[in-house]
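The chain contents come next:
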Amino acid sequence: MKMSQEAKKTKLYSSRVVYVCDLLLFKECDKIPNICGRAILVHNLIRAYDLLSHMHLIPSEPASEDILLSFHSRNYIEFLQKVEESSDLENHEEDLLEFGLAYDCPLVEGIYKFVQSIAGASITCAQVLVDGLARIAINWCGGWHHAQRDEAEGFCYVNDIVLAIHKLREKFSRILYIDFDLHHGNGVENAFSFSPHVMTLSLHKYEPGFYPGSGGLSDVGLGQGRYYTVNVPLKEGVRDDNYFTIFQSIANKVWSTFCPNAVVVQCGADCINGDPACGFNLTPRGIGRCIENVLAWNVPTLFLGGGGYNLPNTARCWTYLTSIILGLQITSSIPDSNLDFMCYSPDFELDIVRGNRSDLNTAEDMKHLTETICSATTVSAQISLSSGHLAQMALIDIFWQLRYEICIINR
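These numbers come from a predicted model, not from an experiment.

Visitor: Account for the overall build of the chain, naming residues and giving values.
Guide: When its secondary structure is counted, the chain shows 14 helices and eight strands. Counting all 411 residues of the chain, 56% fall into the buried class. Across the chain, the fraction of contacts at a sequence separation of at least 24, relative to all contacts at a separation of at least 6, is 79%. Total accessible area on the chain stands at roughly 17400 Å², and carbon and sulfur atoms take up 52% of it.

Visitor: Now, about the state of the cysteines: what can you tell me, with residues and values included?
Guide: Counted by the stated rule, this structure contains zero disulfides. Free cysteine: Cys290, not disulfide-bonded; nearest cysteine sulfur from Cys271 at 8.9 Å. Classification of Cys290 by relative accessible area gives buried; the value is 0%.

Visitor: Account for the packing of aromatic side chains, naming residues and giving values.
Guide: For the structure on display, the rule yields ten aromatic pairs. Aromatic side chains Tyr76 and Phe99 sit 6.0 Å apart centroid to centroid with 40° between the ring planes, which places their arrangement in the tilted category. Placement of Tyr76 in helix α5 (residues 74-85) and of Phe99 in the loop between α6 (93-98) and α7 (111-130) is noted, with a sequence separation of 23 residues between them. Note on accessibility: Tyr76 and Phe99 belong to one class, buried. With 5.2 Å between their ring centres and 85° between their planes, Phe114 and Tyr157 make a pair best called edge-to-face. Taken together, the positions of Phe114 in helix α7 and Tyr157 in the loop between β3 (136-139) and α8 (160-168) put the pair 43 residues apart, joining distant regions of the chain. Overall, the relative accessible area of 1% leaves Phe114 in the buried class. Take Tyr157: its relative accessible area is 2%, and that puts it in the buried class.

Visitor: Account for the pattern of salt bridges, naming residues and giving values.
Guide: Counted under the stated rule, the structure contains nine salt bridges. As a salt-bridge pair, Arg74 and Glu78 come within 3.7 Å of each other at their nearest N and O atoms. Of the two residues, Arg74 and Glu78 both sit in helix α5, four residues apart, roughly one turn of that helix. The class for Glu78 is partly exposed, based on a relative accessible area of 37%. Measuring nitrogen to oxygen at the nearest pair gives 3.4 Å for the salt bridge that ties Lys205 to Glu236. Taken together, the positions of Lys205 in strand β5 (residues 198-205) and Glu236 in the loop between β6 (229-234) and α10 (240-258) put the pair 31 residues apart, joining distant regions of the chain.

What counts, and where the lines are drawn
- Residues numbered from 1 in each chain as written.
- Predicted model: local features only at pLDDT ≥ 70, side-chain atom pairs only at ≥ 80, totals over all residues.
- Heavy atoms only, no water.
- Helix = DSSP H or I, 4+ residues; strand = E, 2+ residues; numbered from the N terminus.
- Buried < 20%, exposed > 50% of the residue type's maximum accessible area, 1.4 Å probe, protein only.
- Contact = heavy atoms within 4.5 Å.
- Areas by Shrake-Rupley, 256 points an atom, 1.4 Å probe, with all protein chains shown as cover.
- Disulfide = S-S within 2.5 Å.
- Phe/Tyr/Trp six-rings, centres within 6.5 Å; stacked < 30°, edge-to-face > 60°.
- Salt bridge = Lys/Arg side-chain N within 4 Å of Asp/Glu carboxyl O.

Next up, the structure:
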């Protein structure tokens, strides 16, 4: 019996990792402040290691207005459309500030088309997972986790992550979102803070004055989404071993409790040593161990990019993570066939050495974080399985507050 074209397509996709490859998308990414040239740099290094031949390459589809409105406010989207068509921007100066289009998110040329392109790539990946055509999809051009419903923020003009999760929810009832970025994923957390269907787990630097200032241990969600938000606030200097240990303990607890049908992972590379914003001592190998842990769950997974402002190091990191996702070993020496070979001088190595900052996260700190989060996760699971009376919710609030206070006192 001959296999139908659709069956052949399904077999081809499901046997490979799907990777968004779109030169127009790469060009649009160059409009984002501080990362001009990053998208093609990442792609060229992945290609130089011959990793593209192990993936199914797909173009991205621009996001429609209706899809953008599944999260962003109509006022924000209509303003982007209006500004793109306007020839007199001076008339919109006050509105630019209202919608966050200033400072770290300056107005860019063709902004509505740009937003459609950035969001569309992640939604394209999500659609592949929804259609069952692949188990894993990669979009290193995505991961813009700070954008809010009605404004741009922190280099993020559109929250492609939230939009992709909405698309995944068409098929998957429970989505786990994991954020490795140095900065707290505030836009994604805010979008789902009331939802029991999306659980967010963010590991990030958390210190006074450090952007965005949210993501404390006691930030656990609201309403029906209470205790479906997990934050792991870390101090400066954390190293690979400690980072993986705390991730493994908390993530596996969250996994076994929440039982997600699909996972979305933001792999911001600004947590890697050498990044201008970085305060951690992490290397791609440390994040790679976390990715291996996620892959072991064997559920449909979407991998996205994010921060990363040392461009060669970001390319190194995401190329290494791509090899981990594919289950392939690659050499440490950068292939001299790479079109951007000289960008990796002076050592021309894939590996990134860990930093020498003092690790301010003591063993006691990490223990208290793990115990507090895992204990609250256990109790919240018990409550969700019960009748959910207000008295029971009050008990869990008291339990959490006690755990949180004990954690603070013992520091």
